[in-house]
Amino acid sequence: MAPSSSTRPGLSNPRSIRSFVRRDSRMTSGQKKALEKYWTEYGIEAAGGRPDLDREFGRRAPRVLDIGSGMGDATVQLAANYPQFDWIAVEVHRPGVGNTLRLGAERRLSNLRVISEDIVTLLEQGGLDNAFDKVLILFPDPWPKKRHHKRRLIRESFIRCLLPCMKPHGRLYIATDWEDYAGQILAICDQSPELLNLAGRGHYAPRPAWRPRTKFESRGQNLGHAVRDFAYAVRRPASPR
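Each chain carries its own residue numbering, running from 1 in the direction its sequence is written. Residues qualify for local features only when their pLDDT is at least 70, as the model is predicted, and side-chain atom pairs are given and counted only at 80 or more; totals for whole chains, interfaces and linings, by contrast, use all residues. Side-chain figures throughout are based on the complete set of non-hydrogen atoms in the structure, without hydrogens or water.

**What about the sheet that holds strand 7 (residues 228–234)?**
Heads up, the condition is: Paired strands are those between which DSSP finds at least two bridges. Numbering of helices and strands runs from the N terminus, with a helix taken as a DSSP run of H or I at least four residues long and a strand as a DSSP run of E at least two residues long. Lines fitted to the C-alpha atoms define the axes, with helices restricted to the stretch that makes contact. Angles between their N-to-C directions range from 0 to 180 degrees.
Strand order across the open sheet formed by seven strands is 3-2-1-4-5-7-6, with mixed pairing between neighbours. The strands lining the two open edges of the sheet, one partner per strand, are strand 3 (112–115) and strand 6 (195–197). On average, each strand axis in the sheet is tilted by 20° relative to the strand beside it, whichever way the strands run. One ladder, built from six bridges, connects strand 4 (residues 132–138) with strand 5 (residues 166–176); its direction is parallel. Within strand 5, the position partnered with Leu 138 by the bridge is Ala 175.

**A closer look at the pattern of salt bridges**
Threshold: Just to be clear on terms, a salt bridge is a Lys or Arg side-chain nitrogen sitting within 4 Å of an Asp or Glu carboxyl oxygen. Between buried and exposed lies partly exposed: a residue is buried under 20% and exposed over 50% of the maximum accessible area for its type, with that area taken using a 1.4 Å probe on protein chains only.
Counted according to the given criterion, the structure contains 13 salt bridges. Here Arg 207 ties to Glu 217 by a salt bridge, and the two come within 3.1 Å at their closest N and O atoms. Of this pair, Arg 207 sits in the loop between strand 6 and helix 8 (215–222) while Glu 217 sits in helix 8; the two residues are ten residues apart in sequence, bridging distant segments of the chain. Judged by its relative accessible area of 32%, Arg 207 falls in the partly exposed class. On the basis of relative accessibility, which here comes to 1%, the residue Glu 217 falls in the buried class. The partner of Arg 213 in a salt bridge is Glu 217, with the nearest N and O atoms 3.4 Å apart. A relative accessible area of 48% places Arg 213 in the partly exposed class. What you see here is one network of salt bridges that share partners, running through Asp 54, Arg 59, Arg 60, Arg 63 and Asp 86.

**Observations concerning the state of the cysteines**
Rule in force here: A pair of sulfur atoms, both from cysteines and within 2.5 Å, is called a disulfide here.
Counted by the stated rule, this structure contains zero disulfides. Free cysteine Cys 161: the closest other cysteine sulfur is in Cys 165, separated by 8.7 Å. For Cys 161, a relative accessible area of 1% corresponds to the buried category.

**Digging into the packing of aromatic side chains**
We apply this condition: Only centres within 6.5 Å qualify two rings of Phe, Tyr or Trp (six-membered ring in Trp) as a pair; their planes then separate them into stacked at under 30 degrees, edge-to-face at over 60, and tilted for everything else.
Per the counting criterion, the structure on display carries three aromatic pairs. Arranged with centres 5.0 Å apart and planes meeting at 80°, the rings of Tyr 173 and Trp 210 form a pair that is edge-to-face. One end of the pair, Tyr 173, is in strand 5; the other, Trp 210, is in the loop between strand 6 and helix 8, with 37 residues separating them in the sequence. Residue Tyr 173 is classed as buried on the basis of its relative accessible area, which comes to 14%. Judged by relative accessible area, Trp 210 falls into the partly exposed class, the value being 23%.

**Observations concerning the confidence of the model for the chain**
Note the threshold: Residue-level confidence of the predictor is what pLDDT reports, using numbers from 0 through 100. Every residue pair with non-hydrogen atoms within 4.5 Å of one another is taken to be in contact.
Residue-level pLDDT values for the chain average 87, and 86% of them are 70 or greater. Predicted confidence is poor over residues 1–7, with pLDDT under 50, and the contacts of this stretch with residues over four places away or in other chains come to 18 contacts. In this model, residues 9–15 is a region of pLDDT below 50 whose contacts with residues beyond four sequence positions or in other chains number 16 contacts.

**As for the pairing of strand 3**
The alternating pattern of strand 3 places Leu 112 and Val 114 and Arg 113 and Ile 115 on opposite faces, both of which are buried. Direction of pairing for strand 2 (residues 86–90) relative to strand 3: parallel, over a ladder of four bridges. In the sheet register, Trp 87 faces strand 3, and the bridge partner there is Leu 112.

Following this line, the structure appears as C-alpha coordinates:
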(Lines give C-alpha, C1' and ligand atoms only; values in the text may rest on other atoms or scores of the structure.)
Protein backbone atom coordinates (compact mmCIF):
# COMPACT_ATOMS: atom_id res chain seq x y z
CA MET A 1 0.00 0.00 0.00
CA ALA A 2 1.63 3.24 -1.08
CA PRO A 3 1.54 6.22 1.28
CA SER A 4 -0.64 9.13 0.28
CA SER A 5 1.21 11.86 -1.55
CA SER A 6 -0.80 14.56 0.21
CA THR A 7 0.06 15.97 3.61
CA ARG A 8 -2.11 17.73 6.14
CA PRO A 9 -1.20 20.84 8.12
CA GLY A 10 1.23 20.05 10.91
CA LEU A 11 2.83 17.06 9.23
CA SER A 12 6.00 18.43 7.68
CA ASN A 13 6.89 15.43 5.53
CA PRO A 14 5.08 12.31 4.37
CA ARG A 15 5.84 9.40 6.68
CA SER A 16 8.21 6.99 4.91
CA ILE A 17 9.24 4.75 7.83
CA ARG A 18 6.46 2.34 8.73
CA SER A 19 5.69 1.29 12.28
CA PHE A 20 4.76 -2.22 11.15
CA VAL A 21 5.90 -5.16 9.07
CA ARG A 22 3.25 -7.21 7.29
CA ARG A 23 2.98 -10.87 8.31
CA ASP A 24 -0.03 -11.96 6.26
CA SER A 25 1.43 -15.41 5.58
CA ARG A 26 0.58 -16.41 9.15
CA MET A 27 -3.16 -16.32 8.56
CA THR A 28 -5.10 -19.38 9.63
CA SER A 29 -7.79 -20.93 7.46
CA GLY A 30 -10.40 -19.65 9.91
CA GLN A 31 -9.12 -16.09 9.61
CA LYS A 32 -9.14 -16.31 5.82
CA LYS A 33 -12.71 -17.62 5.82
CA ALA A 34 -13.80 -14.81 8.15
CA LEU A 35 -12.29 -12.22 5.79
CA GLU A 36 -14.15 -13.70 2.86
CA LYS A 37 -17.43 -14.12 4.70
CA TYR A 38 -17.71 -11.05 6.91
CA TRP A 39 -15.74 -8.25 5.24
CA THR A 40 -18.74 -6.90 3.35
CA GLU A 41 -20.67 -6.66 6.64
CA TYR A 42 -17.99 -5.32 8.97
CA GLY A 43 -15.23 -3.92 6.73
CA ILE A 44 -14.87 -0.31 5.62
CA GLU A 45 -13.04 0.52 2.41
CA ALA A 46 -11.54 3.83 3.50
CA ALA A 47 -8.62 4.35 1.13
CA GLY A 48 -8.87 7.42 -1.05
CA GLY A 49 -11.95 9.06 0.46
CA ARG A 50 -14.04 9.89 3.51
CA PRO A 51 -16.14 6.95 4.69
CA ASP A 52 -19.75 7.78 5.53
CA LEU A 53 -19.82 6.50 9.11
CA ASP A 54 -23.47 7.41 9.66
CA ARG A 55 -24.37 5.19 6.73
CA GLU A 56 -21.98 2.43 7.81
CA PHE A 57 -23.57 2.16 11.26
CA GLY A 58 -27.08 3.26 10.35
CA ARG A 59 -27.08 5.83 13.13
CA ARG A 60 -25.22 8.80 14.61
CA ALA A 61 -23.54 7.90 17.89
CA PRO A 62 -20.31 8.71 19.77
CA ARG A 63 -17.44 6.94 18.01
CA VAL A 64 -14.20 5.38 19.17
CA LEU A 65 -11.15 4.71 17.02
CA ASP A 66 -8.96 1.80 18.15
CA ILE A 67 -5.58 2.12 16.46
CA GLY A 68 -3.60 -1.11 16.13
CA SER A 69 -6.38 -3.37 17.40
CA GLY A 70 -4.33 -6.54 16.93
CA MET A 71 -6.37 -9.73 17.07
CA GLY A 72 -9.43 -7.71 18.08
CA ASP A 73 -10.17 -9.32 21.46
CA ALA A 74 -10.14 -6.04 23.39
CA THR A 75 -12.01 -4.07 20.72
CA VAL A 76 -14.76 -6.66 20.43
CA GLN A 77 -15.10 -6.87 24.21
CA LEU A 78 -15.38 -3.08 24.44
CA ALA A 79 -17.94 -2.95 21.63
CA ALA A 80 -20.00 -5.58 23.44
CA ASN A 81 -19.65 -3.80 26.80
CA TYR A 82 -20.52 -0.34 25.46
CA PRO A 83 -23.16 -0.65 22.72
CA GLN A 84 -23.94 3.08 22.94
CA PHE A 85 -20.63 3.74 21.14
CA ASP A 86 -19.64 2.85 17.60
CA TRP A 87 -16.21 1.19 17.49
CA ILE A 88 -13.81 1.31 14.55
CA ALA A 89 -10.75 -0.93 14.66
CA VAL A 90 -7.80 -0.07 12.42
CA GLU A 91 -5.34 -2.90 11.85
CA VAL A 92 -2.91 -3.55 9.00
CA HIS A 93 -2.20 -7.21 9.75
CA ARG A 94 -4.68 -9.41 7.93
CA PRO A 95 -4.69 -12.21 10.54
CA GLY A 96 -5.84 -9.66 13.12
CA VAL A 97 -8.46 -8.28 10.74
CA GLY A 98 -9.80 -11.76 10.05
CA ASN A 99 -9.93 -12.63 13.74
CA THR A 100 -11.70 -9.37 14.60
CA LEU A 101 -14.31 -10.02 11.93
CA ARG A 102 -14.86 -13.53 13.28
CA LEU A 103 -15.25 -12.36 16.88
CA GLY A 104 -17.58 -9.53 15.92
CA ALA A 105 -19.74 -11.84 13.84
CA GLU A 106 -19.93 -14.41 16.64
CA ARG A 107 -21.34 -11.73 18.96
CA ARG A 108 -23.48 -10.25 16.18
CA LEU A 109 -22.22 -6.76 16.96
CA SER A 110 -23.83 -3.98 14.97
CA ASN A 111 -21.58 -1.26 16.48
CA LEU A 112 -18.24 -2.60 15.21
CA ARG A 113 -16.43 -1.92 11.94
CA VAL A 114 -12.89 -2.69 10.76
CA ILE A 115 -10.51 -0.75 8.52
CA SER A 116 -7.53 -2.62 7.11
CA GLU A 117 -5.23 0.28 6.25
CA ASP A 118 -2.14 2.07 7.53
CA ILE A 119 -3.47 4.59 10.07
CA VAL A 120 -0.93 7.20 8.97
CA THR A 121 -2.09 6.99 5.36
CA LEU A 122 -5.71 7.36 6.48
CA LEU A 123 -4.96 10.38 8.61
CA GLU A 124 -2.87 12.06 5.93
CA GLN A 125 -5.67 11.85 3.38
CA GLY A 126 -8.05 13.56 5.81
CA GLY A 127 -10.91 11.11 5.44
CA LEU A 128 -11.58 10.86 9.17
CA ASP A 129 -11.42 14.51 10.25
CA ASN A 130 -13.52 15.43 13.31
CA ALA A 131 -14.97 11.91 13.42
CA PHE A 132 -14.04 10.50 16.84
CA ASP A 133 -14.96 11.22 20.42
CA LYS A 134 -12.27 8.87 21.72
CA VAL A 135 -9.07 7.36 20.33
CA LEU A 136 -7.36 4.31 21.83
CA ILE A 137 -3.75 3.27 21.22
CA LEU A 138 -3.28 0.27 23.49
CA PHE A 139 0.17 -1.32 23.61
CA PRO A 140 1.59 -0.09 20.30
CA ASP A 141 4.60 -2.01 19.01
CA PRO A 142 7.50 -0.79 21.22
CA TRP A 143 10.23 -1.62 18.72
CA PRO A 144 12.54 -2.21 21.70
CA LYS A 145 15.89 -2.17 19.89
CA LYS A 146 17.35 1.32 19.84
CA ARG A 147 18.02 1.23 16.10
CA HIS A 148 14.29 0.57 15.55
CA HIS A 149 12.97 3.40 17.73
CA LYS A 150 12.43 5.45 14.58
CA ARG A 151 9.64 3.00 13.72
CA ARG A 152 7.63 3.76 16.84
CA LEU A 153 4.17 5.05 15.97
CA ILE A 154 3.82 7.76 18.58
CA ARG A 155 5.96 10.70 17.55
CA GLU A 156 5.33 14.43 17.38
CA SER A 157 4.43 14.25 13.69
CA PHE A 158 1.94 11.45 14.33
CA ILE A 159 0.18 13.33 17.14
CA ARG A 160 -0.14 16.41 14.92
CA CYS A 161 -1.60 14.20 12.21
CA LEU A 162 -3.96 12.44 14.64
CA LEU A 163 -5.53 15.44 16.34
CA PRO A 164 -7.70 16.63 13.41
CA CYS A 165 -9.61 13.32 13.44
CA MET A 166 -10.68 13.95 17.05
CA LYS A 167 -13.66 16.02 18.06
CA PRO A 168 -13.25 19.08 20.29
CA HIS A 169 -12.82 17.98 23.92
CA GLY A 170 -12.29 14.37 22.75
CA ARG A 171 -10.23 11.87 24.72
CA LEU A 172 -6.98 10.10 23.81
CA TYR A 173 -6.06 6.95 25.77
CA ILE A 174 -2.70 5.19 25.43
CA ALA A 175 -1.09 2.29 27.30
CA THR A 176 2.36 0.70 27.12
CA ASP A 177 4.48 -1.62 29.22
CA TRP A 178 7.83 -0.37 27.89
CA GLU A 179 9.41 2.14 30.28
CA ASP A 180 11.45 4.14 27.77
CA TYR A 181 8.54 4.31 25.33
CA ALA A 182 6.30 5.49 28.17
CA GLY A 183 8.67 8.36 28.87
CA GLN A 184 8.77 9.24 25.20
CA ILE A 185 4.96 9.21 24.90
CA LEU A 186 4.57 11.35 28.01
CA ALA A 187 7.04 13.96 26.78
CA ILE A 188 5.52 14.13 23.28
CA CYS A 189 1.89 14.38 24.41
CA ASP A 190 2.59 16.78 27.28
CA GLN A 191 4.34 19.12 24.84
CA SER A 192 1.40 19.23 22.45
CA PRO A 193 -0.49 22.51 22.89
CA GLU A 194 -3.73 20.77 21.87
CA LEU A 195 -3.58 18.05 24.53
CA LEU A 196 -4.30 18.34 28.24
CA ASN A 197 -2.89 15.62 30.51
CA LEU A 198 -5.86 14.64 32.69
CA ALA A 199 -3.53 13.18 35.33
CA GLY A 200 -1.45 16.36 35.47
CA ARG A 201 1.55 17.33 33.41
CA GLY A 202 4.37 14.82 33.81
CA HIS A 203 2.11 12.16 35.36
CA TYR A 204 0.75 8.82 34.18
CA ALA A 205 -2.97 8.14 34.52
CA PRO A 206 -4.54 5.43 36.69
CA ARG A 207 -5.47 2.28 34.80
CA PRO A 208 -9.04 2.90 33.53
CA ALA A 209 -11.52 0.36 34.84
CA TRP A 210 -13.12 0.00 31.41
CA ARG A 211 -9.93 -1.10 29.66
CA PRO A 212 -9.79 -4.88 29.06
CA ARG A 213 -6.59 -6.72 29.85
CA THR A 214 -4.86 -7.56 26.58
CA LYS A 215 -2.46 -10.40 25.86
CA PHE A 216 0.31 -7.83 25.39
CA GLU A 217 -0.38 -6.39 28.83
CA SER A 218 -0.35 -9.85 30.42
CA ARG A 219 2.84 -10.78 28.58
CA GLY A 220 4.54 -7.58 29.75
CA GLN A 221 3.48 -8.09 33.34
CA ASN A 222 4.77 -11.67 33.25
CA LEU A 223 8.12 -10.18 32.23
CA GLY A 224 7.98 -7.78 35.15
CA HIS A 225 7.12 -4.71 33.10
CA ALA A 226 5.10 -1.91 34.69
CA VAL A 227 2.10 -0.81 32.65
CA ARG A 228 1.66 2.92 32.14
CA ASP A 229 -1.62 4.50 31.09
CA PHE A 230 -2.16 7.95 29.59
CA ALA A 231 -5.35 10.01 29.40
CA TYR A 232 -5.51 13.26 27.45
CA ALA A 233 -8.27 15.69 26.51
CA VAL A 234 -8.26 17.66 23.27
CA ARG A 235 -8.06 21.35 24.10
CA ARG A 236 -9.48 22.50 20.76
CA PRO A 237 -12.88 24.17 21.26
CA ALA A 238 -15.88 23.41 19.11
CA SER A 239 -16.10 25.45 15.93
CA PRO A 240 -18.93 28.04 15.88
CA ARG A 241 -21.88 26.99 13.78
